[in-house]
Amino acid sequence: MDKWPPSRKNAYWIRRNATFPLFSSFPDRIDLGLGRALGTDQYTANVLRQRVAGEPEFDARLEELIAYLYGTGTATKNGSFSFHAIPGEKTNVPIWLLDSGFYSAQLAGIPGVPFSFAGHFAPGNMMEAIKLYRDYFRPSQLLEEPYVLLAVQVMAADEKREAQRLATSMYQKFLLLTRGQPSPILPPVDNMDELWNDNERRAVEEQLFTSIIGDPADVKQQLHELIEKTNAYEIMAQATVN
């Protein structure tokens, strides 16, 4: 197992060790999502990440990866030596940029790749990020038009009251993250007011105000409203429950 943290990987390493064997085994079934965050709590991220998010190197590595998957590889500046991903060159593995802020929204638009936004925990940035992506989008060999996937928290049950109760697992998770106490997902509770104060409740709600919670009819209606509001092409449902 390689011991370097994910932020230290270059595009060729990703291509050779991740995308190539998967795509070779399952052609036309693998997408490659690229994000600058490590997908963990801020304390673990500070230990693992040794580079600052948003620096130009990330942009260059995206260009490099596109060259491996969609072009004919890369070459040294003087052209004396070239690098290729064999097998896999020109396999056109779909590349997505993932973000909960604005940097990758712009970056995804420039080379014309699909964009996935983390609305399941950063809804306050959602509309501006989607707008930035569409404003910066340039048609490419990958896409002719902008393509947005939106992740949201969804909790459905036969009855609204039960859906709200199940959603308390999600509320507890974000409450503990707000306190700097990450925890495994906890069972639902009957009354969140016994666990959080008013400031904590507001902080959690700011991170979850796009959550879709209710019975099947409610969930269907809220999903339609969200799609109409954002013009997202795909919705990824995140269910946090024990």
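What counts, and at which threshold
Residues numbered from 1 in each chain as written. Predicted model: local features only at pLDDT ≥ 70, side-chain atom pairs only at ≥ 80, totals over all residues. Heavy atoms only, no water. Patch = residues over 30% accessible without salt bridge, like charges linked within 9 Å, V, L, I, M, F, W, Y side chains within 5 Å. Areas by Shrake-Rupley, 256 points an atom, 1.4 Å probe, with all protein chains shown as cover. Salt bridge = Lys/Arg side-chain N within 4 Å of Asp/Glu carboxyl O. Lys, Arg positive; Asp, Glu negative; His and termini not counted. Charge placed at Lys NZ, Arg CZ, Asp CG, Glu CD. Buried < 20%, exposed > 50% of the residue type's maximum accessible area, 1.4 Å probe, protein only. Helix = DSSP H or I, 4+ residues; strand = E, 2+ residues; numbered from the N terminus. Expected span 1.5 Å × (residues − 1). Arc of directions from axis to C-beta. Contact = heavy atoms within 4.5 Å. Core = buried A, V, L, I, M, F, W, Y, C linked by side-chain atoms within 4.5 Å. Axes fitted to C-alpha atoms, helices over the stretch in contact; angles between N-to-C directions. Parallel < 35°, antiparallel > 145°, perpendicular 65-115°, else oblique. Nonpolar A, V, L, I, M, F, W, Y, C, P; charged D, E, K, R; others polar.

K.L.:
What is the right way to look at a negative patch on the surface in this model?
P.N.:
Taken together, the side chains of Asp-190, Asp-193, Glu-194 and Asp-198 present a region of like negative charge at the surface. A residue is classified by how much of its surface remains accessible, and Glu-194, at 66% relative accessible area, is exposed.

K.L.:
I tried to follow helix H9 (residues 216–230) on my own but got confused; where do I start?
P.N.:
The periodicity of an α-helix, 3.6 residues per turn, causes residues three or four places apart in sequence to face the same way. When the terminal C-alpha atoms of H9 are compared, their 21 Å separation across 15 residues agrees well with the 21 Å that a helix rising 1.5 Å per residue should span. Taken residue by residue, H9 has Asp-218, Val-219, Leu-226 and Thr-230 as its buried positions. For H9, the buried positions fall inside an angular range of 95 degrees around the axis, keeping them on one side. In H9, the exposed residues that point more than 90 degrees away from the buried face are Pro-216, Ala-217, Lys-220, His-224 and Glu-228. If you follow the buried residues of H9, they end up packed against helix H5 (126–136), strand E6 (148–156), helix H6 (160–166), strand E7 (212–214) and strand E8 (234–238). After H9 finishes, the residue Asn-231 shows a positive phi value of roughly 55 degrees.

K.L.:
Would you mind showing me how to read the nonpolar core here?
P.N.:
What tends to happen in soluble globular proteins is that the nonpolar side chains get buried as a cluster. Counting residues in each nonpolar core, the largest one holds 34 residues, and the members touching the most others are Ile-95, Leu-97 and Tyr-133. For this core, the secondary structure elements donating two or more residues are strand E1 (32–34), helix H3 (56–70), strand E4 (95–99), helix H4 (103–109), strand E5 (115–118), H5, E6 and H9. If you tally residues by element for this core, the top one is H3, at six residues. The contact partners of Leu-97, leaving out residues within four places of it in the chain, are Leu-34, Phe-58, Leu-62, Ser-104, Leu-107, Ala-108, Val-113, Pro-114, Phe-115 and Ser-116. Counting 14 residues, the second-largest nonpolar core is a separate cluster that includes Met-155, Phe-174, Leu-175 and Val-204.

K.L.:
Just to check I follow, could you spell out the packing of H5 against H9 for this structure?
P.N.:
For any two helices packed against each other, one specifies the crossing angle of their axes together with the interaxial distance. The N-to-C vectors of H5 and H9 enclose an angle of 45 degrees; their axes lie 11 Å apart at closest approach. As judged from the angle between their axes, H5 and H9 are oblique. Here Met-126, Met-127, Ile-130 and Arg-134 of H5 lie close against H9, whose contacting residues are Leu-226, Lys-229 and Thr-230. Its residues assigned to classes, the contact of H5 with H9 comprises four nonpolar, one polar and two charged.

K.L.:
Sorry if this is basic, but what is going on with the environment of Gln-172 here?
P.N.:
Tracing the backbone shows Gln-172 in helix H7 (residues 168–178). Among the residues examined, Gln-172 registers a relative accessible area of 8% and is labelled buried. Through-space distance from the C-alpha of Gln-172 to that of Val-241 is 9.9 Å; in sequence the pair is 69 residues apart. Look past the residues within four positions of Gln-172 in its chain and what remains in contact with it is Leu-186, Pro-187, Pro-188, Val-189, Met-192 and Leu-195.

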